[in-house]
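A look at the structure
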Amino acid sequence: MSRIHPTAIVDPAARIAADAEIGPWCHVGPDVTLHAGVQLVSSVIVDGVTEIGAGTIVHPFSVLGGPPQHGGYKGEPTRLEIGENNLIREGSTFNRGTVQGGGVTTVGSSCMFMTGAHVGHDAVVGNQVTFANNATLGGHVVIGDNVFLGGLCAIHQHGRVGRGAMVGGLAAVTRDVIPFGSVWGNHARLHGLNMVGLKRRGFDRTRIKQMLAFYRDLFEGEGTFAERLDRAEAESRDLAEAAEIVAFIRDGGSRPLCLPET
């Protein structure tokens, strides 16, 4: 049977796993689903149509599934979906989606959200993502797997941050960040590849050298950017990470591409 503290307010319609824990002063709404092993430590609000995956731990004063901060929201039953084994620290806020944005905010699994992290409406967060303190996503942002977001950084609405990228602390990111890129500053600029992240994920020296050569050809070579992109793509067909960066760029998006200083 679920362990629910007597001071917690849990709607009888909520779907609570047998081994979930709901601590003191929590509030759980009627359309909430808490899967096996979920732990709401204390003073946590989970509202709206919100699903929290198995093993996720939520610390005090977090608000998950609150209405989107969007002027066009009229109370529609939009959703927040959170994956498994996430650690959500104090004061984090995840908003549910909007009808205009597809109706759902999605968070992957095995992520760490430090104090004050914010996930805006209709955002998509991948797996094994780290939000340092007060990292903030605007609405409709897409964050790839294995991304690190530094403290107090902010990602502009509709922005994309590719897999394995690193965003420095205090960065104001108004442009899309390539996979494996490293950006910082206000406004943020591209400052090479996320070397720390590559090494931590087991990229060997040869592979890293290949990626660095691709990066130099793409961002520092001769000709227009379109010409360099074509040339770098043709010369790096056997490097999967290069192909991923090219696909990310060619896919485009609502925001321009974050580039190095010129």
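Preceding block: the structure.
Throughout what follows, the structure given in this document is the object of discussion. (Residues numbered from 1 in each chain as written. Predicted model: local features only at pLDDT ≥ 70, side-chain atom pairs only at ≥ 80, totals over all residues. Heavy atoms only, no water.)

**A look at the sheet that holds strand β3 (residues 15-16)**
- Strand order across the open sheet formed by 8 strands is β3-β6-β9-β12-β15-β18-β21-β24, with parallel pairing between neighbours. Where the open sheet ends on each side, the last strands, each with one partner, are β3 and β24 (160-161).
- Two strands pair when backbone bridges link them, and strand β9 (residues 49-52) and strand β12 (residues 79-82) are joined in this way by 4 bridges, in the parallel orientation. The residue of β12 that forms the bridge with Ile52 is Ile82. (Pairing = 2+ DSSP bridges. Helix = DSSP H or I, 4+ residues; strand = E, 2+ residues; numbered from the N terminus.)

**Observations concerning the environment of Asp238**
- By secondary structure assignment, the location of Asp238 is in the loop between α3 (225-235) and α4 (240-251).
- Since its relative accessible area comes to 82%, Asp238 is described here as exposed.
- Along the chain, Asp238 and Thr136 lie 102 residues apart, while their C-alpha atoms are 36 Å from each other. (Buried < 20%, exposed > 50% of the residue type's maximum accessible area, 1.4 Å probe, protein only.)

**A word on helix α2 (residues 205-220)**
- For α2, spanning 16 residues, the distance from its first C-alpha to its last is 21 Å, which sits close to the expected 22 Å at 1.5 Å a residue.
- All of the buried residues along α2 are Ile208, Met211, Phe214, Tyr215, Leu218 and Phe219. Down the axis of α2, the buried set is contained in an arc of 120°. They therefore lie on one face. Residues Arg205, Thr206, Lys209 and Glu220 are exposed on α2 and point more than 90 degrees away from its buried face.
- Of the surrounding elements, those touching the buried residues of α2 are β28 (188-193), α1 (195-200), α3 and α4. (Expected span 1.5 Å × (residues − 1). Arc of directions from axis to C-beta. Contact = heavy atoms within 4.5 Å.)

**Some remarks on the sheet that holds strand β22 (residues 148-149)**
- Across the sheet, 11 strands lie side by side as β1-β4-β7-β10-β13-β16-β19-β22-β25-β27-β28; this open sheet has mixed pairing. Each having just a single partner strand, β1 (3-4) and β28 make up the two edges of the open sheet.
- One ladder, built from 4 bridges, connects strand β27 (residues 181-185) with β28; its direction is antiparallel. For Trp184, the partnering residue across the bridge sits in β28 and is Arg189.

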